[in-house]
Amino acid sequence: MKIKVGVIFGGESVEHEVSIISAIQAMNKLDQEKYDIIPIYITKDREWYTGDMLKDIEMYEDLNLIKKYGKNVVLYFNKGSYILQNKKFPHTTVTDIDIAFPIVHGTNVEDGGLQGYLQSIGIPFVGGDVYASVAGQDKVFMKAIFEHEKLPMTKYTWFYDSDYKNNMDEVLAEVKKLKYPVIIKPATTGSSVGIKIAENDKELEAAIEDAMQYDHKIVVEEVVSNLKEVNISVVGNYESQKLSVIEEVMTKNKFLTYDDKYINGGKKMKGGYKVPTGRNCKGMETADRKIPADMDDKLKEEIETLAVQAFKAIGSSGVCRIDFLIDDKKKKVYVNELNSIPGSLSFYLWEPTGVKYNELLDEVINIGIKDYKKRTSKTHSFSSNILRGFSMNGGIKGMKGIKGKLR
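These numbers were taken from a predicted model, which means no experiment stands behind them.

The rules we used
Residues numbered from 1 in each chain as written. Predicted model: local features only at pLDDT ≥ 70, side-chain atom pairs only at ≥ 80, totals over all residues. Heavy atoms only, no water. Helix = DSSP H or I, 4+ residues; strand = E, 2+ residues; numbered from the N terminus. Buried < 20%, exposed > 50% of the residue type's maximum accessible area, 1.4 Å probe, protein only. Contact = heavy atoms within 4.5 Å. Areas by Shrake-Rupley, 256 points an atom, 1.4 Å probe, with all protein chains shown as cover. pLDDT = per-residue confidence, 0-100. Pairing = 2+ DSSP bridges. Axes fitted to C-alpha atoms, helices over the stretch in contact; angles between N-to-C directions. Polar contact = N/O pair within 3.5 Å; in protein donor to acceptor, adjacent residues only side chain to side chain. Phe/Tyr/Trp six-rings, centres within 6.5 Å; stacked < 30°, edge-to-face > 60°. Lys NZ or Arg CZ within 6 Å of the ring centre and 35° of its normal. Left-handed = near helix turned anticlockwise from the far one by under 90°. Nonpolar A, V, L, I, M, F, W, Y, C, P; charged D, E, K, R; others polar. Parallel < 35°, antiparallel > 145°, perpendicular 65-115°, else oblique.

A. View of the overall build of the protein. A count of helical and extended segments in the protein gives 12 helices and 18 strands. Taking all 407 residues of the protein together, 52% fall into the buried category. Residue pairs in contact within the protein that sit at least 24 positions apart in sequence constitute 66% of those at least 6 positions apart. When the accessible surface of the protein is split by element, carbon and sulfur atoms take 50% of a total near 20400 Å².

B. Spatial organisation of the confidence of the model for the protein. Looking at the protein, the pLDDT average stands at 89 and 86% of residues meet or exceed 70. Every residue in residues 260–280 scores below 50 in pLDDT, and together they form 55 contacts with partners more than four places removed in sequence or on other chains.

C. Region of interest: the sheet that holds strand β6 (residues 93–97). Strand order in the open sheet formed by 7 strands is β6-β5-β4-β3-β2-β1-β7, and the pairing between neighbours is mixed. Each having just a single partner strand, β6 and β7 (99–102) make up the two edges of the open sheet. Ignoring strand direction, the axes of neighbouring strands in this sheet form an average angle of 35 degrees. With 4 bridges joining them, strand β1 (residues 3–10) and β7 adopt parallel strand pairing. The residue bridging Ile8 from the neighbouring strand is Pro102, located in β7. Running over the sheet, helix α1 (residues 16–29) touches β1 and β2 (35–42) and is turned about 155 degrees from β1.

D. Expanded view of the side chain of Arg321. Inspection of the secondary structure puts Arg321 in strand β17 (residues 318–327). Classification of Arg321 by relative accessible area gives buried; the value is 5%. Of note is the side chain of Arg321, whose polar atom sits 2.8 Å from the side chain of Asp323.

E. Region of the structure containing unusual backbone geometry. For the peptide bond that leads from Tyr180 to Pro181, omega is 0 degrees, which places it in the cis range. Tracing the chain through its elements places Pro181 in the loop between α7 (168–175) and β9 (182–186). The amide bond that connects Ile291 to the next residue, Pro292, takes the cis arrangement and shows omega of -5 degrees. Turning to its location among the elements, Pro292 is positioned in the loop between β16 (289–290) and α10 (297–314). Positive phi values are uncommon outside glycine, yet Lys79 reaches one of about 50 degrees. Among the structural elements, Lys79 can be located in the loop between β4 (71–78) and β5 (81–86). Although it is not a glycine, Asn226 adopts a positive phi angle of roughly 50 degrees. Asn226 gets classed as partly exposed once you look at its relative accessible area, which sits at 42%.

F. Examining the packing of aromatic side chains more closely. For the structure on display, the rule yields 9 aromatic pairs. Ring geometry for Phe77 against Tyr82: centres 5.1 Å apart, planes inclined by 45 degrees, an arrangement best described as tilted. Residue Tyr82 is classed as buried on the basis of its relative accessible area of 11%. Aromatic pair Phe347 and Tyr348: ring centres 5.9 Å apart, planes at 75 degrees, arrangement edge-to-face. Relative accessible area serves as the criterion here: at 6%, Tyr348 is assigned to the buried category. Ring pairing ties together the aromatic residues Phe9, Tyr41 and Tyr60, which thus form one cluster. Positioned above the aromatic ring of Trp158 is the side chain of Lys217, whose terminal nitrogen or guanidinium carbon lies 5.7 Å from the ring centre.

G. Representation of the sheet that holds strand β10 (residues 196–198) within the structure. The sheet built from 4 strands is open, its strands ordered β8-β11-β9-β10 with antiparallel pairing. Looking at the sheet topology across the chains shown, the edges are occupied by β8 (156–160) and β10. Adjacent strand axes in the sheet meet at a mean angle of 25 degrees when their direction is disregarded. Both β9 and strand β11 (residues 217–222) contribute to a ladder of 5 bridges, which runs antiparallel. Within β11, the position partnered with Pro186 by the bridge is Ile218. Packed onto the sheet, helix α5 (residues 139–148) meets β8, β9 and β11 and runs at close to 50 degrees relative to β11.

H. Looking closely at the pairing of β6. Pairing geometry for β5 and β6, over 4 bridges, is antiparallel. Bridge pairing in β6 links Leu84 to Thr95. Linking β5 to β6, which pair antiparallel, is a turn of 6 residues.

I. Layout of the packing of α5 against α10. Look at α5 against α10: their axes get within 10 Å of each other, and the N-to-C directions meet at 115 degrees. Note on packing geometry: the crossing formed by α5 with α10 is right-handed. Residues Met142, Ile145 and Phe146 of α5 touch α10, and the partners they reach there are Ala310, Ala313 and Ile314. Of the residues in the contact of α5 with α10, the class split is 6 nonpolar, no polar and no charged.

J. Focus on the packing of α1 against helix α11 (residues 357–377). Close contact between α1 and α11 brings their axes to 9 Å; oriented N to C, the two are set at 100 degrees. With respect to their mutual orientation, α1 and α11 come out roughly perpendicular. Of α11, the residues touching α1 (which contributes Ser22, Gln25, Ala26 and Lys29) are Tyr357, Asn358 and Leu361. Residues of the contact of α1 with α11, tallied by class, amount to 3 nonpolar, 3 polar and 1 charged.

This is the structure in structure tokens:
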């Protein structure tokens with residue numbers, strides 16, 4: 001019997017289109033002999049749809065077609081099954097799923113919100129739990145954890161948008177303790193959305209104003225000199241981890257931009273982004289890179305060690321990508337950030353190790369099942385009802401008296 005995998009993607013996020021690319025790639029590579037693949041697309045207004053046509057990237061050129069031909073559903077638990085039910089009357093069951101596979105990016109979906117819902121209804125799912133998802137999305141939380149674990153990072157500061165609006169001079173004075181150039185980031189976005197580099201005070205203020213359009217928390221970091229950016233992927237959970245090859249990312253820009261990562265001759269959608277279609281649907285796979293990265297064994301071992309430490313510190317599970325910054329002259333390594341659900345699931349970093357994309361997907365699904373079994377083996381509630389026989393102001397009669405006073 002095949003396992004029914006509900007691949008969840010989209011959502012109210014500035015990385016909505018990136019999620020579509022990653023999910024389409026994965027659904028096309030999942031082993032159809034092992035799995036029934038059920039696409040579950042979340043629109044930008046948070047409606048859930050399913051239907052086989054959602055596996056076709058061409059459908060997303062006109063999102064109105066999805067609302068017209070897809071089935072608007074809700075996911076819930078009923079009598080031992082996880083049901084996708086028609087949201088509109090008649091509320092018939094469309095299908096059920098055995099495990100959820102979130103392939104989502106960004107705020108409202110990758111940041112623990114979706115994982116919290118899945119965990120609350122009790123369904124097995126792929127990837128980190130609520131805590132790992134929150135820490136993996138929020139750069140402020142992530143840096144605090146990395147600092148505690150004494151992982152090397154660039155100098156940084158952070159602030160709320162309200163702090164900046166109410167005490168601009170004070171915030172800017174703190175930021176200017178860092179050395180120019182600095183990089184300004186919204187704390188909870190990914191895919192380089194809202195990120196800019198500032199060389200002076202004027203550029204700094206403009207970059208902060210831009211970043212505040214995307215988030216209420218802003219991070220400012222010193223830019224690494226003689227910069228080389230490298231990434232490595234980790235698969236596993238807190239008990240065991242495997243490492244991919246290391247890549248060096250190449251760009252003509254000062255950092256790897258959204259365009260570098262995803263825009264490769266795709267078609268423009270409403271909202272300003274482009275979604276690659278057909279053969280161009282490759283996402284991060286098409287970004288310029290050198291695999292394996294050019295580095296000596298000592299540097300390679302240091303990055304591998306730091307990657308495992310960062311992965312375990314966040315409590316990650318499934319597949320993640322950890323990004324590093326290197327001062328190539330000083331051979332100094334800094335942990336940049338962890339991506340808990342990386343674009344393209346970083347499959348291209350595993351293929352050089354002999355792991356095919358479908359095998360990578362098999363492994364993370366198996367990890368999700370194991371995580372579910374461990375989670376459900378722990379005690380989360382008691383069978384006894386401590387309210388049985390409990391009396392407060394005379395029990396039920398007392399409650400009636402309280403209700404009378406409240407009228």
